Amino acid sequence: MNQKEVLSLQSMPAASASYGRPPCRFINREFFIVTYESDPAAIRQAVPEPLEPDGSNTVSYEWIKMPDSSGLGSYEESGIVIPCTFQGEPCNFVAQMYLDNAPAILGGREIWGFPKKWAKPHLRVEDTETLTGTLHYNNALVAMGTMPFKYHILDQEETAKSIAKTQVNLKLIPDVDGTPKIAQLAAYNLEDITVKGAWSGPARLSLTPHVNAPVADLPVKAYVGGKHFIADLTLPYARVIHDYLQ
């Protein structure tokens, strides 16, 4: 391969790219989100400056089922999102993510800086009435959330606005000598959103301490509620909003 050919490659390995080229289109992407109050000190520790927690002391624990994802395949995901502000503007900081799909892990980390690790999340309806999300890491159950299935109907336009809220990741990639090569806050906004259904209801969440999946480091103090929605949407490329090396 010459230099032009090398630079035209979209990802490693050169012989077979690990993921498709963005933007990525998601069809029937299903979300289950449990929002709860947590420890302000733990939230502050989890959020990198210059992001600021929004003062609500809330955390959102998410399960996402993605049966049809262009360039990434079919997979499920689970993780923690913290509402924040950046220069006074509202955003969500993606603090932890766990999923069962290699292309999504590799592409997510290399392009957008998603904090992705391999684990086994699962979202399902149990016995016709309970929306249930679980997360297993190394065969240990570290998170379980529950909510009544399709309890109260939510406004779809308002749901679309919440999906389009700015999301921020901390992207960290070392150089070949181990020193920081990339240290950025990367932001993106989901696009072309069509909400197909949205519901709210009471929810509960159980988190178990685990050294390699520290979801319980943001403990549940009080429940705010749950949301469940299904949407088509597009994940575009990200943009750098802060560079720690400059």
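All figures in this text were calculated on a predicted structure; none of them were measured in a lab.

A closer look at the layout of surface pockets
In this structure, the largest pocket occupies an estimated 770 Å³ of space. Lining the largest pocket are 43 residues, and of these Ile33, Glu62, Asn92, Ser162 and Gln167 lie nearest its centre. Elements represented by at least two residues in the lining of the largest pocket include exactly strand S1 (24-37), strand S3 (58-69), strand S4 (73-86), strand S5 (89-99), helix H3 (102-112), helix H4 (156-163), strand S13 (191-201) and strand S15 (222-235). Ranked by residue count, the leading element in the lining of the largest pocket is S4, at eight residues. Roughly 540 Å³ of volume is contained in the second largest pocket.

With respect to a nonpolar patch on the surface
Residues Met1, Val6, Leu7 and Leu9 make up a contiguous nonpolar surface patch of roughly 430 Å² in combined accessible area. Mapped onto the elements, Leu7 comes out in helix H1 (residues 3-8).

Concerning the pattern of salt bridges
Tallied over the full model, the rule gives six salt bridges. The residue Glu52 makes a salt bridge to Arg44 at a minimum N-O spacing of 2.9 Å. Between Arg124 and Glu126 there is a salt bridge; the shortest N-O distance is 2.4 Å. Residue classification places Arg124 among the partly exposed residues on the basis of a relative accessible area of 24%.

Notes on H4
Burial in H4 covers these residues: Thr159, Ala160 and Ile163. Along the axis of H4, the buried residues cluster in a sector spanning 100°; they form a single face. Exposed residues on H4 whose side chains face more than 90 degrees from its buried face are Glu157 and Lys161. Buried residues along H4 sit in contact with strand S11 (167-174), S13 and S15. Sitting at the amino-terminal end of H4 is Asp155, which places a side-chain oxygen 3.0 Å from the backbone nitrogen of Glu157.

Thresholds, definitions, all that
- Residues numbered from 1 in each chain as written.
- Predicted model: local features only at pLDDT ≥ 70, side-chain atom pairs only at ≥ 80, totals over all residues.
- Heavy atoms only, no water.
- 1 Å grid on protein atoms, 1.4 Å probe; cavity = no way out; pocket = protein on both sides within 12 Å on 5 of 7 lines; lining within 4 Å.
- Points joined across faces, edges and corners; volume = space filled by probe spheres on them.
- Helix = DSSP H or I, 4+ residues; strand = E, 2+ residues; numbered from the N terminus.
- Patch = residues over 30% accessible without salt bridge, like charges linked within 9 Å, V, L, I, M, F, W, Y side chains within 5 Å.
- Areas by Shrake-Rupley, 256 points an atom, 1.4 Å probe, with all protein chains shown as cover.
- Salt bridge = Lys/Arg side-chain N within 4 Å of Asp/Glu carboxyl O.
- Buried < 20%, exposed > 50% of the residue type's maximum accessible area, 1.4 Å probe, protein only.
- Arc of directions from axis to C-beta.
- Contact = heavy atoms within 4.5 Å.
- Polar contact = N/O pair within 3.5 Å; in protein donor to acceptor, adjacent residues only side chain to side chain.

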